[in-house]
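So the chains spell out like this:
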Amino acid sequence: MLLPVRYQITGRLLNMKNFKLIYVLLTAVFFISCGDIYDKIDFGVTPAAAGRFSHTMILKTDGSLLAAGMNGSGQLGDGTITTQYSPVQVMTDVISVFGSADHSMALKSDGTLWAAGDNSSGQFGDGTTTGSTTFKQVTSGVKAVSCGTTHSMILMKDGNLMAAGDNALGQFGDGTTTDSTTFKQVASDIKAVSCGNA
C-alpha cells in the first residue's frame, strides 16, 4: 500500500542522510529558546580559557580579564576562595589567559606573566610552592603560555620554551622526571606550545 505523499516526504527527511540538517536545526532552536540567558552575557570578548574542571577565565576585547566558577585555591585571582557565579573582573591589560585545574596564568601586553591559585607543585615558576588568591607577576619576556594540571609551559619572545612545576610523567619533555619550581629551558626555536591534563 502506498503512503500519502506527505508521509513519503517526511520519511525521506528523517533518513540518516538528512540527520545532520535536522541536528543543526534543532540546535538553532535550542539556542534561540535560551536567548534570555545568552542576552545577559557581554559578548565583547576574545577567545576565553576554561579551567580544566570548573572555572572560566574570560578575556574581553579591551584587555579586561573576568573570572567565574569554583575558586577553592584562589584560581580566579579575585583575592578570595569564594565561588563566583557571575564573572568578576580580576585584571586589566591582558592579551592572553590560560586556566588549568587549580591555577590560572595571564599574559599582559608588556610580556609579563601573572599567576593565581594553587602553586603546590611550583607551577607558578616563581621559585616557591606558595599559592596566591590574587594574580602575582612571576616572570617577563613571555610570548605565550599553556598549563597542565600541575605544570606550566611558557614560550619566550626569543623562541625558548620554558617549563615549571610537576614533571613526574616527563611532561617537560626534557628527558627527566625532575620537578622544578623555577622556569627551566627545555627547548629552543619553538613556535607554539599547548599542554595536556597531566
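Preceding this section is the structure that the text describes.
Now for a quick tour of the structure. As a convention, each chain's residues are numbered from 1 in the sequence order in which they are written. Restriction of local features to residues with pLDDT of at least 70 applies here, the model being predicted, together with a cutoff of 80 or more for giving and counting side-chain atom pairs; totals for whole chains, interfaces and linings are based on all residues. Side-chain metrics rest on all non-hydrogen atoms present in the structure, leaving aside hydrogens and water.

Before going further, it helps to examine the overall build of the chain. Helix numbers and strand numbers start at the N terminus; a helix is a DSSP run of H or I with at least 4 residues, a strand a run of E with at least 2. What the chain contains, in helices and strands, is three helices and 12 strands. The classification of residues rests on relative accessible area computed with a 1.4 Å probe and restricted to protein chains. Under 20% of the type maximum is buried, over 50% is exposed, and intermediate values are partly exposed. Within the chain, buried positions represent 39% of all 198 residues. Here a residue-residue contact requires only that any non-hydrogen atoms of the pair lie within 4.5 Å. Partitioning the intrachain contacts of the chain with sequence separation of at least 6 by distance along the chain shows that 44% fall at a separation of at least 24. Each accessible area is a Shrake-Rupley result for a 1.4 Å probe, and residues are judged covered by the shown protein chains and nothing else. Carbon together with sulfur atoms contributes 59% to the accessible area of the chain, which is approximately 11,000 Å² in total.

The next subject is the packing of aromatic side chains. Note on aromatic pairs: the rings of Phe, Tyr and Trp (six-membered ring only in Trp) are paired at centre separations within 6.5 Å, and the planes decide the class, stacked below 30 degrees, edge-to-face beyond 60, tilted for the rest. Tallying each qualifying case throughout the model produces zero aromatic pairs. Any Lys NZ or Arg CZ found within 6 Å of a ring centre and within 35 degrees of that ring's normal is scored as a charge over the ring. The ring of Trp114 carries the charged tip of Lys108 above its face, separated from the ring centre by 5.1 Å.

On to the sheet that holds strand β10 (residues 151-156), then. Pairing is antiparallel in the open sheet, where four strands are placed in the order β9-β10-β11-β12. Single-partner strands in this sheet number two, and they are β9 (142-147) and β12 (180-187). Pairs of neighbouring strands in the sheet enclose a mean axial angle of 25°, with direction left out of account. Two strands qualify as a pair provided DSSP detects at least 2 bridges between them. Two strands pair when backbone bridges link them, and β9 and β10 are joined in this way by five bridges, in the antiparallel orientation. Paired with Ser146 across the strands is Met153, a residue of β10. Here, axes are lines fitted to C-alpha atoms. For helices the fit covers the stretch in contact, and angles between N-to-C directions go from 0 to 180 degrees.

Let us now look at unusual backbone geometry. Located in the positive-phi region is Asp93, a residue other than glycine, with phi close to 60°. In this fold, Asp93 is placed in the loop between β4 (84-91) and β5 (94-99). Exposure remark for Asp93: the relative accessible area of 39% places this residue in the partly exposed category.

The subject of this paragraph is the nonpolar core. Where a protein is soluble and globular, its nonpolar side chains tend to be buried together. For our purposes a nonpolar core is just a set of buried Ala, Val, Leu, Ile, Met, Phe, Trp, Tyr and Cys residues, chained together by side-chain atoms within 4.5 Å. Grouped together as the largest cluster of nonpolar side chains are 15 residues, with contacts concentrated most on Met105, Leu113, Val142, Val145, Ile154 and Phe183. For this core, the secondary-structure elements that each account for two or more residues are β6 (103-108), β7 (113-117), β9, β10 and β11 (161-165). Aside from chain neighbours lying at most four places away, what touches Val145 is Phe98, Met105, Leu113, Met153 and Ile154. One finds Met57, Met91, Val97 and Ala106 within the second-largest nonpolar core, a separate group that totals 12 residues.

So, on to the sheet that holds strand β8 (residues 132-139). With antiparallel pairing, the four strands of this open sheet are ordered in space as β5-β6-β7-β8. Whereas interior strands pair on both sides, the edge strands pair on one side only; in this sheet they are β5 and β8. The average undirected angle you get between the axes of adjacent strands in this sheet is 20°. In this sheet, β6 lies alongside β5 in antiparallel orientation, the contact comprising five bridges. Residue pairing in the sheet places Phe98 in a bridge with Met105 of β6.

Structural measurements only, silent on function.
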